[in-house]
Amino acid sequence: MSLGVIVTALVLSFGLGVLKGIMDYKLSRTKWNFFGNWTTWLFQSLPDFLILLLIQWYVIRYLPFIRFFSTEEWYSFLLPAVLVSIYPTMYIARITSASIADQDGKMYIMVARAKGLTQRLIFYKHVFYNSFGTILTHLSSLFVYVLSNLLMVEYFMNFPGAAYRLFLAIDYSVHLGTGPNYEPGVIIGIAFCFMIMVLIVQWISLAARRHFEAR
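The rules behind these values
- Note on numbering: residues in each chain are counted from 1, in written sequence order.
- Only residues with pLDDT of at least 70 get local features here, since the model is predicted, and only at 80 or more are side-chain atom pairs given and counted; chain-wide, interface and lining totals rely on the full set of residues.
- Hydrogens and waters are ignored; side-chain quantities use all the structure's heavy atoms.
- Between the rings of Phe, Tyr and Trp (Trp by its six-membered ring), a pair exists once the centres lie within 6.5 Å; its type follows the angle of the planes, with under 30 degrees stacked, over 60 edge-to-face, and the other angles tilted.
- Runs of H or I in DSSP of at least four residues are treated as helices and runs of E of at least two as strands, each being numbered from the N terminus.
- For every residue, the accessible area (1.4 Å probe, protein chains only) is compared with the maximum for its type, and the residue is labelled buried under 20%, exposed over 50%, or partly exposed between those bounds.
- Ring-over charges, as used throughout, are those where CZ of Arg or NZ of Lys falls within 6 Å of the ring centre and within 35 degrees of the ring normal.
- Between two residues, a contact is recorded if the distance between any of their heavy atoms is within 4.5 Å.
- To qualify as a nonpolar core, a set must consist of buried Ala, Val, Leu, Ile, Met, Phe, Trp, Tyr and Cys residues joined through side-chain atoms within 4.5 Å.

S.K.: Please clarify how the packing of aromatic side chains should be interpreted in this entry.
M.R.: When we look at a pair of aromatic rings, we describe it by the centre distance and by the angle of the planes. For the coordinates displayed, the defined rule picks out 13 aromatic pairs. With a centroid separation of 5.2 Å and 40° between ring planes, the pair formed by Y58 and Y62 is classed as tilted. In this pair, Y58 and Y62 are both assigned in helix α3 (residues 48-62), 4 residues apart and thus about one turn of the helix distant. Relative accessible area serves as the criterion here: at 44%, Y62 is assigned to the partly exposed category. Taken together, a centroid distance of 4.9 Å and an interplanar angle of 85° make the contact between F123 and Y124 edge-to-face. Its relative accessible area of 9% is what places F123 among the buried residues. One aromatic cluster in this structure is built from Y155, F156, Y164 and F167. For K26, the ring lying beneath its charged end belongs to F123, and the centroid distance is 5.0 Å.

S.K.: Is there a simple way to explain the environment of T118 in this structure?
M.R.: Looking at the secondary structure, you find T118 in the loop between α6 (107-114) and α7 (119-136). For T118 and F49, which are 69 residues apart along the polypeptide, the C-alpha to C-alpha distance reads 44 Å.

S.K.: Where do I start with the side chain of S131 in this structure?
M.R.: The residue S131 is located in helix α7 in this model. Its relative accessible area of 0% is what places S131 among the buried residues. The contacts of S131, once residues within four sequence positions are left out, are S99, I100 and Q103.

S.K.: Would you take a moment to explain the nonpolar core for this structure?
M.R.: Grouped burial of nonpolar side chains is what soluble globular proteins tend to show. Of all hydrophobic cores here, the largest spans 48 residues; its most connected members are I6, F14, F128 and F194. No other element matches the 9 residues that helix α8 (residues 139-157) contributes to this core. Other than its neighbours up to four places away in sequence, I6 contacts F143, V146, L147, L150, F194 and M197.

By themselves, these observations are geometric and do not establish any function.
And the structure:
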């Protein structure tokens, strides 16, 4: 069940993060900068668990038609995926905005403007394309953020996923240490699956970066 949450959260956080980063860059020189970089900074500065608890309280109190703790509905994986992707989205937004801003003033932009190309064409065909390779180098870090948020979301939502099962298998107490329900085989198996997924994402990141190398 965690696989659907992980894949959805990864796609959401990367796609929305890139869009948010583009918006942050475009608003950075306007009076609407508060809705750009400032909101990204705000969500990154707040603790993840606080945001999760606030959203959980709001949904339970004001959106009772959403079954927050149910795993039987078809959308049961969507809500955890959205919660998992909040911080990773802001992380990619910051990386995207900084990568695009790093292209400002470079010679190829000046040449493109001298040729009479429109700003939209220059941005999407040249600036964003050359920034995308840098953004993709952070894909593996993004995936690690997704995994780190997964346990917290599954724990607070009582979601029967792999991260929550890993937490139960550890069975650790600050007073007693390892408990009687300690399951080393389950821990090794789930951790190995997570490591394989990180490796696959790393391969995808390297292959995609070679395709989008700066021209």
